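Chain by chain, the residues run as shown.
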Amino acid sequence: MNPGIDLQGTFIESLRGLGIPAGAAKALWMPLPMLIMLVASTVAVLVAVWLERKISAAAQQRIGPEFIGPLGILAPLADGLKLIFKEDVIPAKSDRLLFTLGPMIVVIPVFLSYLIVPFGQNLVITNVTMGVFLWIAFSSIVPIGLLMAGYASNNKYSLLGGLRAAAQSLAYEIPLALSVLAIVMMSNSLSTIDIVQQQSGYGLLGWNIWRQPVGFIIFWIAALAECERTPFDLPEAEEELVAGYQTEYSGMKFALFYLGSYVNLTLSALLVAILYLGGWESPVPVSWLANLVGVSETTPWLQVITASLGIVMTLVKAYALVFLAVLMRWTVPRVRIDQLLDLGWKFLLPISLVNLLVTAGLKLAFPVAFGG
């Protein structure tokens, strides 16, 4: 298999060519991926916010933002600057420490989850062998921050919003983990790189969505619930709880909650693309096309094209899912809290368990097709 380009090796060799020792070159490389991850995920959030405004406007037959920059592309940036300079109000008799820590605990684990997202065979910040497990562990921290924010606000509506967020997360975390386990079982690995490689070689036909259609639907529903997207935005249902756990928040702390929500939505879309839609793989394998025209896979210019195509394919798949999530906001009504919990515990959990057992049986019966 084509090993692809080695960004770390190329970067270190380039610095060594300038006379910098190998140890210093490695030290310079270490913070670079983290910086790239922060910048890339922040840009992804701005793009998602702009898309949400434009798609929402189109769904409601109106124009949407268009005056701040061309087609309103600077509107999300203006929103962010406005929130940064707003007064930070902390309610009287609230727990100031927990009130401040809550938004941070919501945002930081989501950003850290981007460490395991691959955009190519070597285009990943860290190839952790337990990457999927690490992501599930990070995502389970977020409800603690929401509950902490609701409790620390000294407001009964905020507390109810925080409790709702924790109940919702518990109801959907287990089906989501079980649907991911079925993918892990077929791939024989917890690494996101290995999961994508397991889908490579057959183009569109090799993607996991054909072998795990039920798991794909469960994962997407659970991911929307985890992101608190409509129809699962009950922790902040304004008809019942004003703004839920974030009622008392303002300024940058309030912005952190929305930042976490949009970062999580983009992350979920990326993970769906990786787990079920072949990740960076194109519908027609590049290796097949290269062999057709008689070009070696190790040709440098072809590796650059393959890496660029991988990034484009991953982003196209992810933003197609973001588009779907935004469109659902205007087509599906919000569910009640009892309906939300019923869906999670009485339907998604049993179906995900059956899906896992069926996958185990198919793995034993058809080991070639199901990763035996």
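Only a predicted model underlies this, so the values are computations on that prediction, with no experimental measurement involved.

Caption draft 1: Region of interest: the overall build of the protein. The secondary structure content of the protein amounts to 15 helices and zero strands. A compact globule built from 372 residues should have a C-alpha radius of gyration of about 21 Å, and the protein, at 22 Å, falls within 12% of that. C-alpha extents for the protein along the principal axes are approximately 70 × 55 × 45 Å. Residues classed as buried in the protein amount to 47% of the 372 residues present. Across the protein, the fraction of contacts at a sequence separation of at least 24, relative to all contacts at a separation of at least 6, is 78%. Taken as a whole, the protein presents about 18,000 Å² of accessible surface, with 73% of it coming from carbon and sulfur. Within the protein, one finds 20 positive and 22 negative side-chain charges whose respective centroids are separated by 2 Å.

Caption draft 2: Spotlight on the side chain of Ser250. Within the fold, Ser250 resides in the loop between helix 11 (238-241) and helix 12 (251-276). A polar contact of 3.1 Å, which involves the side chain of Ser250, links it to the backbone oxygen of Glu87. Once you skip the residues sitting within four places of it in the chain, Ser250 turns out to touch Glu87, Asp88 and Val89.

Caption draft 3: Highlighting the packing of aromatic side chains. What the rule picks out here adds up to seven aromatic pairs. Taken together, a centroid distance of 4.0 Å and an interplanar angle of 0° make the contact between Phe99 and Tyr249 stacked. Of the two residues, Phe99 sits in helix 5 (residues 96-113) while Tyr249 sits in the loop between helix 11 and helix 12, which places them 150 residues apart along the sequence. With relative accessibility at 0%, the residue Phe99 sits in the buried group. By way of ring pairs, the aromatic residues Phe99, Tyr245, Tyr249 and Phe257 are connected into one cluster.

Caption draft 4: Local environment of a nonpolar patch on the surface. Together, Leu46, Phe67, Ile68, Leu71, Ile73, Leu74, Leu77, Leu81, Ile84, Phe85 and Met252 give the surface a local cluster of nonpolar side chains, amounting to about 1,100 Å² of exposed area. A total of three residues in the nonpolar patch trace back to one element, the largest contributor, which is helix 4 (residues 75-84). Residue classification places Leu77 among the partly exposed positions, given a relative accessible area of 44%.

Caption draft 5: Region of interest: the pattern of salt bridges. One pass over the structure, following the stated rule, counts five salt bridges. The residue Lys346 makes a salt bridge to Asp342 at a minimum N-O spacing of 3.5 Å. Taken together, the residues span about one helical turn, with Lys346 and Asp342 both in helix 15 (residues 337-365) at a distance of four residues. By relative accessible area, which is 55% here, Lys346 ends up exposed.

Caption draft 6: Representation of unusual backbone geometry in the model. In this structure, Gln61 is a non-glycine residue whose phi angle is positive, near 60°. Within the secondary structure, Gln61 is located in the loop between helix 3 (31-59) and helix 4. By relative accessible area, Gln61 is classed as exposed at 78%. For Lys93, which is not a glycine, the phi torsion comes out positive at approximately 65°. The residue Lys93 is located in the loop between helix 4 and helix 5 in this model.

Caption draft 7: Spatial organisation of the side chain of Glu226. Secondary-structure assignment places Glu226 in helix 10 (residues 213-226). The residues contacting Glu226, other than those within four sequence positions of it, are Ser139, Ser169, Tyr172, Glu173, Leu176 and Asn264.

Caption draft 8: A look at the environment of Glu228. As for its placement among the helices and strands, Glu228 is situated in the loop between helix 10 and helix 11. Using a relative accessible area of 11% as the deciding quantity, one classes Glu228 as buried.

Caption draft 9: A look at the environment of Ala225. Along the chain, Ala225 falls in helix 10. Each C-alpha atom, one on Ala225 and one on Ser187, is 26 Å from the other, the two residues being 38 residues apart in sequence.

Caption draft 10: Representation of the environment of Gln198 within the structure. Note on placement: Gln198 falls in helix 9 (residues 192-198). Sequence separation between Gln198 and Ser187 is 11 residues; the distance between their C-alpha atoms is 6.0 Å. In this view, Gln198 contacts Met186, Ser187, Asn208 and Arg211; residues no more than four positions away in its chain are not counted.

Analysis parameters
- Residues numbered from 1 in each chain as written.
- Predicted model: local features only at pLDDT ≥ 70, side-chain atom pairs only at ≥ 80, totals over all residues.
- Heavy atoms only, no water.
- Helix = DSSP H or I, 4+ residues; strand = E, 2+ residues; numbered from the N terminus.
- Rg over C-alpha atoms; globule rule 2.2 N^0.38 Å.
- Buried < 20%, exposed > 50% of the residue type's maximum accessible area, 1.4 Å probe, protein only.
- Contact = heavy atoms within 4.5 Å.
- Areas by Shrake-Rupley, 256 points an atom, 1.4 Å probe, with all protein chains shown as cover.
- Lys, Arg positive; Asp, Glu negative; His and termini not counted.
- Charge placed at Lys NZ, Arg CZ, Asp CG, Glu CD.
- Polar contact = N/O pair within 3.5 Å; in protein donor to acceptor, adjacent residues only side chain to side chain.
- Phe/Tyr/Trp six-rings, centres within 6.5 Å; stacked < 30°, edge-to-face > 60°.
- Patch = residues over 30% accessible without salt bridge, like charges linked within 9 Å, V, L, I, M, F, W, Y side chains within 5 Å.
- Salt bridge = Lys/Arg side-chain N within 4 Å of Asp/Glu carboxyl O.

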